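Results of the structural survey
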Amino acid sequence: MSFAGKLIAWQRRHGRRGLPWQGTADPYRIWLSEVMLQQTQVSAVIPYYERFLRRFPAVAALAAASEDEVLRLWSGLGYYARGRNLHAAAKAVVAQAGFPETSKQLEELPGVGRSTAAAIAVFAYGERAAILDGNVKRVLARYFGIDGWPLDERLWPLAERLLPRQGVEAYTQALMDLGATACTRNAPRCGACPVANGCEAKKTGRTAQIPAPRPRKALPEKSVTWLLLRSRGRLLMEKRPAPGLWGGLWVFPEAPGRDVRGHCRRSFGCEIASRTPLAPLEHGFTHFRLHIRPLLCQVAQKPLLSAPGRQWFAVDEAAAAAVPAPVRKLVLSLAK
């Protein structure tokens, strides 16, 4: 039996069942799940996926929503450009009166790359297209003993050559399931793998070395002071411009220097009655690590004029707004 044939047979007996996006050919639901699953584990995605569908049961509802509402529902899932691209793609789909029906056309949507487009086309339209997400890269690299970095240039032709003539949906799901449940990054369960006998990494005892990890660079570190300006139980927050770090999300203002009182007077028209340093936070991004020094400032006088992109939130409102994880953590600490 061929490599694809073994995976298809295995998937029908041992593949994952009951995931909320399975058992549908609706391109909207498939697209939503595939975007959310980019660099994010299934267990983290499921509650977000279900909340999105309750609020936006069809692509037209998502397109009609405000970006702020979309990001509020996305808040906590990370990689916020995905949320902005999701909203932009929904508008594009509605404008063209429906989802594209080929992987090449799907790839033109914001936030949809080659592998994501192929997965949508496979499950929604039965297109014979190859995917290459993280799980699939690991399965193929181990089975064929492909080492080194980068992998994509060598794996794409291989992934396309292995596509079966029939059963592409089951085969594609099998690759995803195998990488997620048996051919895992750490401690792979080779005894549960349908193609273990032909696996080069297993034969040579290199499952821990293949695939080679992405070469690590020393991450630069940045420090910032956040001003938690509080007046009458409300917090002042600013919306970050998009695109950019946390674009479209509400965050606390930053202090550009040590003169916090002068900065607040000049920038916000308010006087600081008291300052209380809070426990510092750290937050990791792909390209740097952020050290956050929160400073809780009691405001004696609120600004008379609110500038665009600034808003006073009650604590419970701030916790429910479109905010990144460290902001929500700080807000919730104030609610205790």
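Residues numbered from 1 in each chain as written. Predicted model: local features only at pLDDT ≥ 70, side-chain atom pairs only at ≥ 80, totals over all residues. Heavy atoms only, no water.

Check the secondary structure of the protein chain and you find 15 helices and seven strands. Dimensions of the protein chain, computed from the C-alpha atoms along their principal axes, are close to 75 × 50 × 35 Å. Here the protein chain holds 336 residues, and 48% of them are scored as buried. Pairs at least 24 residues apart make up 68% of the contacts formed inside the protein chain by residues separated by at least 6 positions. Taken as a whole, the protein chain presents about 17,000 Å² of accessible surface, with 51% of it coming from carbon and sulfur. A distance of 6 Å separates the average location of the 48 positive side-chain charges in the protein chain from that of its 26 negative side-chain charges. (Helix = DSSP H or I, 4+ residues; strand = E, 2+ residues; numbered from the N terminus. Buried < 20%, exposed > 50% of the residue type's maximum accessible area, 1.4 Å probe, protein only. Contact = heavy atoms within 4.5 Å. Areas by Shrake-Rupley, 256 points an atom, 1.4 Å probe, with all protein chains shown as cover. Lys, Arg positive; Asp, Glu negative; His and termini not counted. Charge placed at Lys NZ, Arg CZ, Asp CG, Glu CD.)

What follows concerns the pattern of salt bridges. The final tally for this structure, using the stated rule, is 15 salt bridges. Among the ionic pairs, K203 bridges to E200, the shortest N-O distance being 3.6 Å. Of this pair, K203 and E200 both sit in helix α12 (residues 200-203), three residues apart, which is roughly one turn of the helix. The partly exposed category is assigned to E200, whose relative accessible area is 30%. One salt-bridge network, in which partners are shared between bridges, spans R55, E69 and R72. (Salt bridge = Lys/Arg side-chain N within 4 Å of Asp/Glu carboxyl O.)

The pLDDT averaged across the protein chain works out to 93; a share of 98% of its residues lies at or above 70. Within the protein chain, no element has a lower average pLDDT than helix α13 (residues 260-268), which sits at 87, and none a higher one than helix α4 (residues 59-64), at 98. (pLDDT = per-residue confidence, 0-100.)

What follows concerns helix α10 (residues 152-161). Burial in α10 covers these residues: L155, W156, L158 and A159. Elements in contact with the buried residues of α10: α8 (114-125) and α9 (134-144).

Packing of α9 against helix α11 (residues 168-181) leaves a shortest axis separation of 8 Å and a crossing angle of 85°. In terms of axis orientation, α9 runs roughly perpendicular to α11. Contacts between α9 and α11 involve N135, V136, R138, V139 and L140 from the first element and L175, M176, L178, G179 and A180 from the second. Across the contact of α9 with α11, the residue classes break down as seven nonpolar, two polar and one charged. (Axes fitted to C-alpha atoms, helices over the stretch in contact; angles between N-to-C directions. Parallel < 35°, antiparallel > 145°, perpendicular 65-115°, else oblique. Nonpolar A, V, L, I, M, F, W, Y, C, P; charged D, E, K, R; others polar.)

What follows is about the pairing of strand β2 (residues 234-239). Both faces of the sheet carry side chains from a regular strand, because those side chains alternate between them. In this structure, strand β1 (residues 221-231) lies alongside β2, joined through two bridges in antiparallel fashion. Bridge pairing in β2 links S231 to R234. Between β1 and the antiparallel strand that follows it, β2, lie two residues; R232 among them carries a positive phi value of about 55°. In terms of strand pairing, β2 meets strand β7 (residues 310-314) through five bridges, oriented antiparallel. Note that in β7 the partner of M237 across the bridge is Q311. (Pairing = 2+ DSSP bridges.)

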